[in-house]
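# Architecture and fold: a report
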Amino acid sequence: MDRRVFLAAGGASILTGCASTLAPPRRATTSPAIVPLKFDAGRLMKITVCLRPFRPNGPRLEVERFGARTVVHNYGHGGSGWSLSWGCAAEAAELAVSDGHREFAVIGAGVIGMTTALRLVETGAKVTVYAAQFPAETRSARATGVWSPSSRIGLLDSAAPEFADRWEQWARTSWASHLQALGTSGDPVEFLTQYNVAGGRAPRVPETHRFLHLDRRLADLTPDWGDTPLAERPFPQRFSRSGPTLVFNVSEYFDRLVRLFLLRGGRMVRRNFPDRAAVLALDEPVVVNCMGYGAKTIWGDADMLPVRGQIGWLLPQPEARYALWHDKVQAVSRRDGVIVQYLGPNDDWGYGNEREEIDPAETEQALATLRSLQAQQE
Ligand SMILES: Cc1cc2nc3c(=O)[nH]c(=O)nc-3n(C[C@H](O)[C@H](O)[C@H](O)COP(=O)(O)OP(=O)(O)OC[C@H]3O[C@@H](n4cnc5c(N)ncnc54)[C@H](O)[C@@H]3O)c2cc1C
């Protein structure tokens, strides 16, 4: 058995107990307390690119009237759509039912569309989801899948003064709903330990865009982090901070949303809307617009910007379930794969970049950074 695997499986205490009879380790710093993640490029299953639907003034969640037709907009959640989904879904559903209608069209089957549709169908209404792409094909399926409620959610100078309070309400409602999925079949949501490992060569570069960073408002919600005790450090030579992080196993989470929606009588129809007139021609009196970045052209939203992000997917490693952050690279060992992402020098990374072609060099570099961290321990 690999020495590190042995230690992770409980061998450390045996070694400690027999210290006088065993040879000391070659170097005290070569004994990570956890099973190493494997960052060989040969384990890559795929590379995906996603565009965050970013609006400098925050998500658009409001009613617009087109004659007798009501449109409830719920789009533009930047890098926080998974995290904020339930809070926004609850508010959108409330706006949609406020005129007393009982029949709704939800456009979009990403995380925003599916959570909104589920909240609506739970009121006993007749709900149809129309979408060009079904959940596994959407941009939402290409997300990192971690609790990140204020990631690229807006700009300080553009958001309305009351935005932070509204955001906090969405985040708190969402957090409570995510926790309800903990321990359910397939583990759509779970806590993993994340290690933020110090060091690295990437320089600190100040952001040119003044992003809203609101997480401190939720400090009471999330479990505490602390300095990782030396014996538990993944890389003993390097200082790290660690703590529990909420992870969304996106494939299973989507499965759960679709299952619940259909079980409660919802319908899903594949349809591509070429323009706004085609949406407004639907029979349902209320349309909920959850088109993500697709809303930019269909609803002529000039404020919407893409923020590109790319993820490399390595084979799942069920024996090593944790997350790492080091030198601007993040790795999360989810149930549907180990995902690795270069996060850039700051949140400007990918801003305004609409290129959806993959850049293999970016992923290779991210993997090389993590391999080099591991190599320094050997
Ligand atoms: C690299 C990356 C990592 C991320 N990581 C996280 C994370 O860890 N945590 C987090 O909370 N958020 C994360 N996000 C952000 C999150 O992915 C988005 O905010 C979220 O996916 C937006 O969901 P959505 O449902 O609005 O859009 P989408 O998933 O894009 O869904 C849009 C839906 O609308 C449909 N549609 C669009 N146009 C039309 C049309 N004309 N006709 C018919 N249907 C149409 C599409 O087919 C699709 O079904 C990340 C984003 C990126 C890019």
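Notes on the structure in this doc start here. (Residues numbered from 1 in each chain as written. Predicted model: local features only at pLDDT ≥ 70, side-chain atom pairs only at ≥ 80, totals over all residues.)

### Some points on the nonpolar core
We count it as follows: By definition, a nonpolar core groups buried Ala, Val, Leu, Ile, Met, Phe, Trp, Tyr and Cys residues that connect through C-beta atoms lying within 7 Å of each other. Whether a residue is buried, exposed or partly exposed is read from the other C-beta atoms within 10 Å of its own C-beta, which are placed from the backbone; 20 or more gives buried, 12 or fewer gives exposed, and intermediate counts give partly exposed. Counting from the N terminus, the helices are DSSP H or I runs at least four residues long and the strands are E runs at least two residues long. Throughout, a residue-residue contact means that the two C-beta atoms, derived from backbone geometry, are no farther apart than 7 Å.
In this structure, Val106, Ile107, Val288, Ala331 and Val340 are the most contacted members of the largest nonpolar core, which totals 83 residues. If you tally residues by element for this core, the top one is helix α2 (residues 81-97), at eight residues. In this view, Val106 contacts Gly113, Thr116, Ala117, Leu120, Val127, Val129, Val288 and Cys290; residues no more than four positions away in its chain are not counted.

### What to know about the sheet that holds strand β4 (residues 103-107)
Which entries qualify depends on this criterion: Two strands form a pair only when DSSP identifies at least two bridges running between them. Axes here mean lines fitted to C-alpha atoms, for a helix over just the part in contact, with angles spanning 0 to 180 degrees between N-to-C directions.
Spatial strand order, β2-β3-β10-β4-β5-β9: six strands in an open sheet with mixed pairing. At either end of the open sheet lies a strand with only one pairing partner, and these are β2 (60-66) and β9 (267-270). Pairwise comparison of adjacent strand axes, ignoring direction, gives a mean angle of 20° for this sheet. Sheet topology note: the strand β3 (residues 69-75)/strand β10 (residues 286-289) ladder contains four bridges and is parallel. Note on β10: the bridge partner recorded for His73 is Asn289. Against the sheet, α2 makes contact with β2, β3, β4 and β10, and its axis sits at roughly 175° relative to β3, the strand it touches most.

### What about the site of the ligand?
Counted only if it meets this: Each residue receives a C-beta atom built from its backbone; the residue is near a molecule or strand if that atom lies within 6 Å of it. Polar here means any residue outside two lists: the nonpolar Ala, Val, Leu, Ile, Met, Phe, Trp, Tyr, Cys and Pro, and the charged Asp, Glu, Lys and Arg; Gly therefore counts as polar.
Near the ligand you find 41 residues, and of these Gly81, Gly110, Gly292, Gly294 and Gly309 are the closest. Counting residues per element, the ones that place at least two in the shell around the ligand are β1 (44-54), α2, α3 (111-121) and β11 (305-314). A per-element tally of the shell around the ligand places β1 first, with four residues. Here the residues of the shell around the ligand sort into 19 nonpolar, 19 polar and three charged.

### Regarding the sheet that holds strand β14 (residues 337-342)
Strand order in the open sheet formed by eight strands is β1-β11-β14-β13-β12-β6-β8-β7, and the pairing between neighbours is mixed. Each having just a single partner strand, β1 and β7 (226-227) make up the two edges of the open sheet. Here β11 pairs with β14 via three bridges, running antiparallel. In the sheet register, Trp313 faces β14, and the bridge partner there is Ile339. In the packing of helix α8 (residues 360-375) onto the sheet, contacts are made with β1, β6 (189-197), β11, β12 (323-326), β13 (329-334) and β14, and the angle to β14 comes to roughly 105°.

### Regarding the pairing of β6
Summarising the sheet, β6 and strand β8 (residues 240-248) pair through nine bridges and their orientation is antiparallel. Of the residues in β8, the one forming a bridge with Phe191 is Leu246.

### Focus: the packing of α2 against helix α4 (residues 163-180)
This is how it is decided: The labels follow the angle: roughly parallel below 35 degrees, roughly antiparallel above 145, roughly perpendicular from 65 to 115, and oblique for the rest.
It is the contact of α2 with α4, at a shortest axis distance of 7 Å, that shows an interaxial angle of 110°. If you check the angle between α2 and α4, you find them roughly perpendicular. Residues Ser83, Leu84, Ser85, Trp86, Gly87, Cys88 and Ala90 of α2 form the contact with α4, whose participating residues are Gln169, Trp170, Ala171, Thr173, Ser174 and Ser177. When grouped by side-chain class, the residues that make up the contact of α2 with α4 number six nonpolar, seven polar and no charged.

### Brief notes about the environment of Ser158
Here Ser158 shows up in the loop between β5 (126-131) and α4. The class for Ser158 is partly exposed, based on 15 C-beta atoms found within 10 Å. In the structure, Ser158 is positioned 137 residues away from Ala295 in sequence and 19 Å away in space, judged by C-alpha atoms. Beyond its immediate stretch of four places on either side in the chain, Ser158 contacts Pro56 and Asn57.

### Some thoughts on the pairing of β10
Taking every second residue as pointing to the same face, both faces of β10 are buried, with Val286 and Val288 on one and Val287 and Asn289 on the other. Bridge count between β4 and β10: four bridges; the pairing is parallel. Paired with Ala105 across the two strands is Val287, which belongs to β10.

### Describing unusual backbone geometry
Here the phi dihedral of Arg152 falls at roughly 45°; this positive angle occurs in a residue that is not glycine. For Arg152, the position within the fold is in the loop between β5 and α4. According to the C-beta neighbour criterion, Arg152 is buried, with 26 such atoms within 10 Å. Phi is positive for Lys328, which is not a glycine, with a value near 70°. In this structure, Lys328 sits in the loop between β12 and β13.

### Structural notes on α8
Put simply, the rule is: A helix is expected to reach a length of 1.5 Å times the quantity of its residues less one. Directions from the helix axis toward the C-beta atoms define the arc.
Here α8 is 16 residues long and its end C-alpha atoms lie 22 Å apart, about the 22 Å a rise of 1.5 Å per residue gives. Those residues of α8 that fall on the buried side of the exposure criterion are Thr363, Ala366, Leu367, Thr369, Leu370 and Leu373. Here the buried residues of α8 occupy an arc of 145° about the axis, which is enough to place them on one side. Residues of α8 that are exposed and point more than 90 degrees away from the buried face comprise Pro360, Ala361, Gln365 and Ala375. In this fold, the buried residues of α8 make contact with β1, β6, β11, β12, β13 and β14.

### A closer look at the packing of α2 against α3
Heads up, the rule is: Helix crossings are classified by the rotation of the near helix relative to the far one: an anticlockwise turn of less than a right angle makes the crossing left-handed, while a clockwise turn makes it right-handed.
Two elements in contact, α2 and α3, have axes separated by 8 Å at closest approach and are oriented at 45°. Between α2 and α3, the angle is such that the two are oblique. Crossing hand, α2 versus α3: right-handed. Contacts from Gly81, Trp82, Ser85, Trp86, Cys88, Ala89, Ala90, Ala92, Ala93 and Ala96 in α2 reach Val111, Ile112, Thr115, Thr116, Arg119 and Leu120 in α3. The residue inventory of the contact of α2 with α3, partitioned by class, reads eleven nonpolar, four polar and one charged.

All we've got here are geometric facts, nothing functional implied.
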